[in-house]
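# Coordinates in review
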Amino acid sequence: MTDPRADVGDSGRGLAREVLIHGPIARSELGRRLGLSAASLTRLSKPFLDRGLFIEAPELLDGAVGRPAKPLDVRVDAQRFFGIKVTGEQALGVATDLRTNVLGSATANLIGRRPEDAVDAIAAIIDELAPQTGSGPLTAIGVSIGGKVTGSRMVTRAPFLDWHDVDLAALVERRFGVPAVIENDVVALTEAEHWFGQARGAENFAVITTGAGVGYGLVIHDRQVITPDTGLGLGGHFPIDPTGPLCSTGHRGCSSAMLSIPSMCATAGVGLGHEIGYEELLDLSLDVDAPGHAVAAQVVQASGRALGRLIAAAANLAMVSAVVLSGEGIRLAHVASEAMHEAIAADRDADAEPMTVLIDDPDFTTWARGAAAVAIQSTFGRLV
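Residues numbered from 1 in each chain as written. Predicted model: local features only at pLDDT ≥ 70, side-chain atom pairs only at ≥ 80, totals over all residues. Heavy atoms only, no water.

### Notes on the nonpolar core
Looking at soluble globular proteins, one finds that nonpolar side chains tend to be buried together. Core analysis: the largest hydrophobic core is formed by 37 residues, its most contacted members being L307, L325 and L332. The leading source of residues in this core is helix 10 (residues 293-318), at nine residues. Setting aside residues no more than four positions away along its own chain, L325 makes contact with I208, L307, I311, I330, A333, M340, V357, L358, I359 and D360. Counting residues in hydrophobic clusters, the runner-up holds 30 residues, among them A91, L110, I145 and A169. (Core = buried A, V, L, I, M, F, W, Y, C linked by side-chain atoms within 4.5 Å. Buried < 20%, exposed > 50% of the residue type's maximum accessible area, 1.4 Å probe, protein only. Helix = DSSP H or I, 4+ residues; strand = E, 2+ residues; numbered from the N terminus. Contact = heavy atoms within 4.5 Å.)

So this is what it looks like as structure tokens:
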């Protein structure tokens, strides 16, 4: 029997992508998006329905033809994926379905910095999550890492682990027997935002992440911009405030110096005379009656203004009008919202398109979902 996957072609793959990202979606809307007639849409969708990758959602009134219609959707539980974010100390993991909906999450400490130690931590997460997340087939494992990655396999540079030219994909595949996709963490998170997150389906937007560092991603004409310098963290050293503190590499007032969690806490600690954690710093900046409030508020408001200036710079230089904020430090955007938006307005032309700032949840699973997203993208062609 002929495998229907051999006949779907580019049009079929485009159809599957639209249903995955936008489903459940009416056939009339799919036809409009893809430029397909009703007959062509029926022909292209049939192999996916026959194989159980597509399902028909409950009937809706189709305004285009004035009669009930069954929207198309993907069977999200048909496959399982694991997404793992590797840091210098931990692996943070999730099991997801075909749309990166989290089925379970876990963490595991790295006992050392060897590549094998990272694979051991990944194994600990999978061992913990596998019994909890159903019996569906494990399709692929995605791993994201703060560093330069080539070919979705090779970690060419990860300074925080002292790695150079590590074929992490081969190590993971040898251990688990399924395809592995390795990607820079900001690249992976940007793909997750594009296909499944705040910017789902948007053709042009930027992503700014704050946490241990500052990351920057860009999608133009429905594709993420990837260059040989992707993964070097260049967006983390964009100059913002010439009077600001120094970052760890000596840049004064760059985005990392103004927005990273370690830098904000260090700056506040100098003024307070004692160490302070990030959440404590944000809380103190809001408590007008607490000792040290003025110092905390000054640091947080300065960082809020810096974030606004970085958002405006990204929008101005890339000519996008939507910016997604994500990462474990992004609560700053809520606490210093007024300062952030004032800075955006000050740095934008009055006649420019209004800015849309989309704020993700400050949850570690966001990074791990990014790793799952690139695994889904990489293997989706084989699924269809």
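### Regarding the pattern of salt bridges
Enumeration according to the criterion identifies 17 salt bridges in this entry. Residues R75 and D77 are paired through a salt bridge, measuring 3.1 Å at the closest nitrogen-oxygen approach. With a closest N to O distance of 2.7 Å, R331 and D283 form a salt bridge. Of this pair, R331 sits in the loop between strand 16 (322-326) and helix 11 (332-335) while D283 sits in helix 9 (residues 278-286), and the two are 48 residues apart along the sequence. (Salt bridge = Lys/Arg side-chain N within 4 Å of Asp/Glu carboxyl O.)

### With respect to unusual backbone geometry
Of the consecutive residues G23 and P24, the connecting peptide bond is found in the cis state with omega at -5°. Its location among the elements puts P24 in the loop between helix 1 (9-22) and helix 2 (27-34). At D162, a residue that is not glycine, the phi angle is positive and equals roughly 60°. Of note, D162 is situated in the loop between strand 10 (154-157) and strand 11 (166-167).

### Describing the sheet that holds strand 5 (residues 80-86)
One open sheet accounts for five strands, arranged 7-6-5-8-12; its pairing is mixed. A single partner strand is all that each edge strand has here, and the edge strands are strand 7 (102-109) and strand 12 (180-184). In this sheet, adjacent strand axes meet at a mean angle of 20° when their direction is disregarded. Relative to strand 7, helix 4 (residues 115-129) is tilted by about 140°, and along the sheet it contacts strand 5, strand 6 (90-96), strand 7 and strand 8 (138-145). (Pairing = 2+ DSSP bridges. Axes fitted to C-alpha atoms, helices over the stretch in contact; angles between N-to-C directions.)

### Structural notes on the packing of aromatic side chains
All chains considered together, the criterion is met by two aromatic pairs. On the basis of an interplanar angle of 40° and a centroid distance of 4.7 Å, the ring pair of F48 and F54 is categorised as tilted. Comparing F48 with F54, the two get one shared label, buried. Taking the centre distance of 6.0 Å and the plane angle of 70° together, the rings of W195 and F196 count as edge-to-face. For F196, a relative accessible area of 13% puts it in the buried group. Directly above the ring of W367 sits K85, whose terminal nitrogen or CZ lies 4.9 Å from the centroid. (Phe/Tyr/Trp six-rings, centres within 6.5 Å; stacked < 30°, edge-to-face > 60°. Lys NZ or Arg CZ within 6 Å of the ring centre and 35° of its normal.)

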